[in-house]
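Summary of structural features
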Amino acid sequence: MKISRLTKEQKDFFLDMDPLMMMDRLEFPNTFALIAIQQNETNGEDIPAGLMICSVHGKVLIIDWLCVSAQYRMQGIGEQLLINAFELAAQGGLENVCAYINQEYGRDAICQGEENYFKERLFHREQKLPGEWFTDLRTISSQPYFSRKGANLPQVISLRRLSVTMVRDGLASLAKMKETAMLYPMNGNADALDADLSFLLLDGEKICGGLLVQCVTRAVPQLRSDVLVRPTENILYPVLFSVKSEPEARALLLASMQAALEKYDPDTDVHIILKTNIYEKLCNYILPYDRTENKILIADVSEYTQQEQQDFA
């Protein structure tokens, strides 16, 4: 068995292990996938055996998805992928490895006993999170929050109107703010962001908040008249949010929503995830009621290094 980083050329070979399309998130900075490959003893061909998608948030490596092909389970492949995750975390000076558990219907049917699997392997602490929302622009924009007009709101400006230097300095400032919630990973590079939907909050010339949004274009394999085609669809991911007051939040959200409706179809999907309790009340107020429960299971990298190369159980 061989463990390696997933390349773009290999993605299609692992689609069966990614029914929730988690590989879309590989478009984000600081996000990568590790794969396990077995070799066919008869013809020597590589066979996909395991897939693990990870993201790095500050001092934490989060395992967003771990799946082993049904025919190769109970052979230690999951453990080998986990060992690689811990090794990478230790080499990078990270403090924790966390397993993200989403209670979405069907996920546990795909990876049965997912939560217990991690709890038996160093992931001894648990933290409940506010939730994850799978919605669209039409649904969000119809919420009462966006129907009320805001008066005397703070000044906001889109990244599209700023110089490269101002954008770079703005992103660096946001990353240092205590009120910043990192929803998905980012590395300070604005190239991946949608400059029309991403806004900074200004107090004079000082940047004091912001909302950053990334658009991922997904190619979805579909059969049409027995021919496989790949129509594309857009998915919007808010990746960072930072404010100190409700008027600031309203100014950013209204500006971004208006820009989104002007640029994208109302049926465009929006995925929102909170991996921190910051802004929980705000999200519950402005987003649809139906959400998916989520949590993280936490393991200490130091505990792994103390029993390095030993059985996780």
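Residues numbered from 1 in each chain as written. Predicted model: local features only at pLDDT ≥ 70, side-chain atom pairs only at ≥ 80, totals over all residues. Heavy atoms only, no water.

A word on the pairing of strand 13 (residues 232-242)
Looking along a regular strand, one sees the side chains alternate between the two faces of the sheet. Taking burial as the measure, the eleven residues of strand 13 include eight buried ones, the bulk of the element. Bridge count for strand 13 against strand 14 (residues 269-274) is two bridges, and the pairing is parallel. Each bridged residue has a counterpart across the sheet, and for I235 the counterpart in strand 14 is D269. Each parallel crossover has a hand, and for strand 13 linked through helix 6 (residues 246-263) to strand 14 it is right-handed. (Buried < 20%, exposed > 50% of the residue type's maximum accessible area, 1.4 Å probe, protein only. Helix = DSSP H or I, 4+ residues; strand = E, 2+ residues; numbered from the N terminus. Pairing = 2+ DSSP bridges. Right-handed = clockwise from strand over helix to strand, strands pointing away.)

Digging into the pattern of salt bridges
The full count for this structure, using the stated rule, is 14 salt bridges. For E126, the salt bridge is made with K119, and the minimal N-O distance between the two is 3.3 Å. A relative accessible area of 33% places K119 in the partly exposed class. Measuring nitrogen to oxygen at the nearest pair gives 3.5 Å for the salt bridge that ties R168 to D169. (Salt bridge = Lys/Arg side-chain N within 4 Å of Asp/Glu carboxyl O.)

Regarding empty space enclosed by the protein
Counted by the stated rule, this structure contains three cavities of 30 Å³ or more. In this model, the largest cavity occupies a volume close to 360 Å³. Lining the largest cavity are 24 residues; nearest its centre among them are L211, P238, L253, I272 and I286. When residues of the lining of the largest cavity are traced back to their parent elements, those giving at least two are helix 4 (137-141), strand 10 (206-219), strand 13, helix 6, strand 14 and helix 7 (280-286). Its residues assigned to classes, the lining of the largest cavity shows 23 nonpolar, one polar and no charged. (1 Å grid on protein atoms, 1.4 Å probe; cavity = no way out; pocket = protein on both sides within 12 Å on 5 of 7 lines; lining within 4 Å. Points joined across faces, edges and corners; volume = space filled by probe spheres on them. Nonpolar A, V, L, I, M, F, W, Y, C, P; charged D, E, K, R; others polar.)

Considerations on unusual backbone geometry
One non-glycine residue, M74, adopts positive backbone phi at about 65°. One non-glycine residue with positive phi stands out, namely L122, at about 75°. Note that L122 resides in the loop between helix 3 (114-119) and strand 6 (125-136).

Remember that the coordinates give geometry; whether it matters functionally is a separate question.
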